[in-house]
There are 2 protein chains.
Amino acid sequence: MQRLLLIGFGNVAQELVRILDDHTLFPHFNPQQFVVTGIATRTRGNVYNPEGLILKRLLPLFNEQNRFAESLPEYFPGSAQALVGEAEYDVLIELSTLNLSEKSQSAIGYIRTALERKKHVVTANKGPLVFAYQQLKSLAEQNRRAFLFESTVMDGTPVFNLKRYALRSVEITGFQGVLNSTTNFLLAQMEKGLNVEEALAKARALKIVEADPRNDLDGWDAAVKTAALCNVFFNQSIDLQSIERDTFDLVNPQTVIEDARQNKRWKFICSASRENGTVKARVRLQRLDQKHPFFAVSGTSSVLRIEARGLAPLTIVQENPTITDTAFGVINDLLQILENWK
Amino acid sequence: MQRLLLIGFGNVAQELVRILDDHTLFPHFNPQQFVVTGIATRTRGNVYNPEGLILKRLLPLFNEQNRFAESLPEYFPGSAQALVGEAEYDVLIELSTLNLSEKSQSAIGYIRTALERKKHVVTANKGPLVFAYQQLKSLAEQNRRAFLFESTVMDGTPVFNLKRYALRSVEITGFQGVLNSTTNFLLAQMEKGLNVEEALAKARALKIVEADPRNDLDGWDAAVKTAALCNVFFNQSIDLQSIERDTFDLVNPQTVIEDARQNKRWKFICSASRENGTVKARVRLQRLDQKHPFFAVSGTSSVLRIEARGLAPLTIVQENPTITDTAFGVINDLLQILENWK
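Residues numbered from 1 in each chain as written. Chains lettered and ligands numbered in written order. Predicted model: local features only at pLDDT ≥ 70, side-chain atom pairs only at ≥ 80, totals over all residues. Heavy atoms only, no water.

Quick word on the pairing of strand β6 (residues 120–123) of chain B
Residue and element names in this part refer to chain B. On β6, burial covers both faces: H120 and V122 on one face and V121 and T123 on the other are all buried. When strand β5 (residues 91–94) meets β6, the two strands line up parallel, connected through 4 bridges. Each residue of the ladder has a partner; that of L92, found in β6, is V121. In this fold, β5 hands off to helix α4 (residues 105–116), which returns the chain to β6; that crossover is right-handed. Note that β6 and strand β7 (residues 147–148) share 2 bridges and pair parallel. Along β7, the bridge assignment pairs V121 with F147. Assessed by its sense of winding, the connection that carries the chain from β6 through helix α5 (residues 126–142) to β7 is right-handed. (Buried < 20%, exposed > 50% of the residue type's maximum accessible area, 1.4 Å probe, protein only. Helix = DSSP H or I, 4+ residues; strand = E, 2+ residues; numbered from the N terminus. Pairing = 2+ DSSP bridges. Right-handed = clockwise from strand over helix to strand, strands pointing away.)

Structural notes on the confidence of the model for chain A
Here chain A averages 95 in pLDDT, and 100% of its residues register 70 or above. Two numbers describe this predicted complex: its pTM, 0.96, and its ipTM, 0.95. (pLDDT = per-residue confidence, 0-100.)

Concerning the sheet that holds β7(B)
Residues and elements named next belong to chain B. One open sheet accounts for 7 strands, arranged β4-β3-β2-β1-β5-β6-β7; its pairing is mixed. Looking at which strands have only one partner, the edges of the open sheet turn out to be β4 (75–76) and β7. Looking at chain direction, strand β1 (residues 2–7) and strand β2 (residues 34–40) are connected through 6 bridges and run parallel. Bridge assignment links L5 to a residue of β2, and that residue is G38. The strands touched by helix α1 (residues 11–21) within the sheet are β1, β2 and β5, with β1 carrying the most contacts at an inclination of about 155°. (Contact = heavy atoms within 4.5 Å. Axes fitted to C-alpha atoms, helices over the stretch in contact; angles between N-to-C directions.)

Some points on helix α12 (residues 323–340) of chain B
With 18 residues, α12(B) should cover 26 Å at 1.5 Å per step; its first-to-last C-alpha distance of 26 Å lies within 8% of that length. Counted residue by residue, α12(B) has 15 buried out of 18 residues, so it is predominantly covered. (Expected span 1.5 Å × (residues − 1).)

Some thoughts on the relation of the copies chain A and chain B
Between chain A and chain B, the superposition needs a rotation of 180° and an axial shift of 0.0 Å, giving an RMSD of 0.0 Å. This pairing of chains is accounted for by a two-fold axis. Considering only C-alpha atoms, the part of chain A nearest the rotation axis is I316(A), at 2.2 Å. Looking at chain A, 100% of its interface residues are interface residues in chain B too, so the copies touch through the same face. (Least-squares fit on C-alpha atoms with pLDDT ≥ 70 in both.)

Observations regarding the packing of helix α5 (residues 126–142) of chain A against helix α10 (residues 220–234) of chain A
For any two helices packed against each other, the geometry comes down to the angle between their axes and how far apart the axes lie. Residues and elements named next belong to chain A. The interhelical angle for the contact between α5 and α10, taken along N-to-C directions, is 40°, at an axis separation of 9 Å. On the basis of their axis angle, the class for α5 and α10 is oblique. Note that α5 runs across α10; the crossing there is left-handed. Together, K126, L129, V130, Y133 and Q134 of α5 and D221, V224, K225, A227, A228, N231 and V232 of α10 make up the contact between the two elements. In terms of residue class, the contact of α5 with α10 is built from 7 nonpolar, 2 polar and 3 charged. (Parallel < 35°, antiparallel > 145°, perpendicular 65-115°, else oblique. Left-handed = near helix turned anticlockwise from the far one by under 90°. Nonpolar A, V, L, I, M, F, W, Y, C, P; charged D, E, K, R; others polar.)

Overview of helix α10 (residues 220–234) of chain B
Taking 1.5 Å per residue as the helical rise, α10(B) with its 15 residues ought to reach 21 Å, and the 20 Å between its terminal C-alpha atoms agrees with that figure. Just downstream of α10(B) lies N235(B), where phi reads positive at about 55°.

Some thoughts on the packing of helix α1 (residues 11–21) of chain A against helix α12 (residues 323–340) of chain A
All names here are of chain A. α12 packs onto α1 with a crossing angle of 70° between their chain directions and a minimal axis gap of 8 Å. As far as their axial angle goes, α12 and α1 are roughly perpendicular. Here α1 and α12 pass one another in a crossing that is right-handed. For the pair α1 and α12, the contacting residues are N11, V12, E15, L16, I19 and L20 in the first and I323, T324, T326, A327, V330 and I331 in the second. Residue composition of the contact of α1 with α12, grouped by class: 8 nonpolar, 3 polar and 1 charged.

Points about the sheet that holds strand β7 (residues 147–148) of chain A
All names here are of chain A. Strand order in this open sheet of 7 strands is β4-β3-β2-β1-β5-β6-β7, and the pairing throughout is mixed. With one partner strand each, in any of the chains shown, β4 (75–76) and β7 form the two edges of the open sheet. In the packing of helix α4 (residues 105–116) onto the sheet, the strands contacted are β1 (2–7), β5 (91–94), β6 (120–123) and β7, and the crossing angle to β5 comes to about 170°.

A few points about unusual backbone geometry
Glycine aside, residues mostly have negative phi angles, and peptide bonds mostly take the trans form. Located in the positive-phi region is K103(A), a residue other than glycine, with phi close to 50°. Structurally, K103(A) is set in the loop between β5 and α4.

So, the pattern of salt bridges
Two side chains of opposite charge can pair, provided their charged atoms sit close to one another. Inspection of every chain in the model, using the stated rule, returns 32 salt bridges over all chains. R164(A) serves as the salt-bridge partner of E339(B), at 2.8 Å between the closest nitrogen and oxygen. Within this pair, whereas E339(B) is found in helix α12, its partner R164(A) is found in helix α6 (residues 160–166), the two belonging to separate chains. Given a relative accessible area of 25%, E339(B) falls into the partly exposed group. Between E339(A) and R168(B) there is a salt bridge; the shortest N-O distance is 3.2 Å. Of this pair, E339(A) sits in helix α12 while R168(B) is found in the loop between α6 (160–166) and β8 (172–178), placing the two residues in two different chains. Since its relative accessible area comes to 7%, R168(B) is described here as buried. Through salt bridges with shared partners, one network takes in R3(A), E88(A) and D90(A). (Salt bridge = Lys/Arg side-chain N within 4 Å of Asp/Glu carboxyl O.)

Below is the structure:
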């Protein structure tokens, strides 16, 4: 049995807890293998019970009060850092949101502490991969623990597992992808004639855009995902600022409509290549014709094409994922830990 | 170090031997981990040396004489079955060609013998998966040995590794794919105005069609791949005859040309679904429009879309593979064995 400590209790964490509590979606999955001993949130209280939390009871209470109330017997008055450093658990599940302004130092600190305590780590947070991949990877290896992160890019689509298990000994030389589904969705709406504001309103209604959409529109989300892939695929410590970014301001609504009539679509393409040890990466607004393999990738779908020395390029597409896909990426990482550290 | 016994010495086996001998293509791959102790062919002689064969010497000799000559010191006068049953090796690499008329009984026999002798098995032959998957899987489990087969479908594209490592505990409910590249290539040529004979001549020049193309044209190759996927994905013993097959005779050359002008393409789509334990599978000629995710899959590329309960569909595309991709699938299986049976 693995004891889990959750940092962050947003959509992914709550979906994860739902799957751990009710596994009918994945009939071969046995949730009895896991118990959650603690949950830490940034501003909504922490809970901890070394014997295991009763999720079925806690989740409705959290949703009613929109926090873990201090009156709960499981309430933990200390900080998230205190939980990570002192609690009993086997796997830290780091699900806090990306914080660019502090370069994810809090999340990196949690992960460092957990690995130093010889705990495994699973994260769905891109920040640690962008700002500390090499450091955390080495720390995990030194302590012989897992540092896994399938849900960081493409909502649980198995891109890192593909590299790890299916491209053994292979040198990845480049990749291209549509990785920011918000801008891809907006462009598809604009093909139909909506203006930017209307498209944004529709995206908000579907909850696929943040309150402040600048992170997506300025290409930061795409650049962060590109950086995470570069670091893992090329074993690098890339500088996020070195990634060229086209922003949504470059989109010409009239051109998008006219080109759509000619079976051409505009998309933000993330790409990177490595030659002689040098990595070039960028996020670029590009016009694709219908023969392009990314042409049909629309809605909130995403795609990644991987080039490797000696092999045919492989492309993987995920169609309109839900929060379950992201939570499943975490579950798959947990099952990998169970298998490899019996 | 793993000792390998090869059954079959066609294109895939020879490429495998080339990679084992010269690994510059995969810089992280260490061929010193492997030694080939025996190679068996159907009609071109067998060689065996329990200390390991010198591939660099044998491969040119084989190519000069188009067989392993009896004068070679390594020449093995016995049968392939005798080698499998008596030779010293750790992994049987079964690369003989699919034999539908005998329902792959020879290949299945080799694999059974190897597993009973507690050897691992890697195969690129679809037959054993179609005609004896359950039996061989159980035998491997009983003997705690690997039975791996990544190169059987889609030339080494990681479809089985995807299921094994990235869809843990997941129930696959269906799949669709373009799995026969010969017919897909022929249809693409016909869109450009070639007739069937001209398209076939072009395919022959590129060596992507057998001397007798009926296996491809009658849909058997596609049906066999569909059956292999059904057996592994759904854990079944499907009857190959139960798979509905459209044949190439249904293709109307004039319609193909006219539809191509309207941005529509005809393709043979393999598909299967499982509902309440019942599997339905077929190979069907279908007309796709440009929004279909398989529209852009042309040349000798192939594609597979996997549907799983609770998750967004995943699609994997391999672009114009070479024989190196198929051989790499075998290498990847070998590396998996090395990792899991240290």
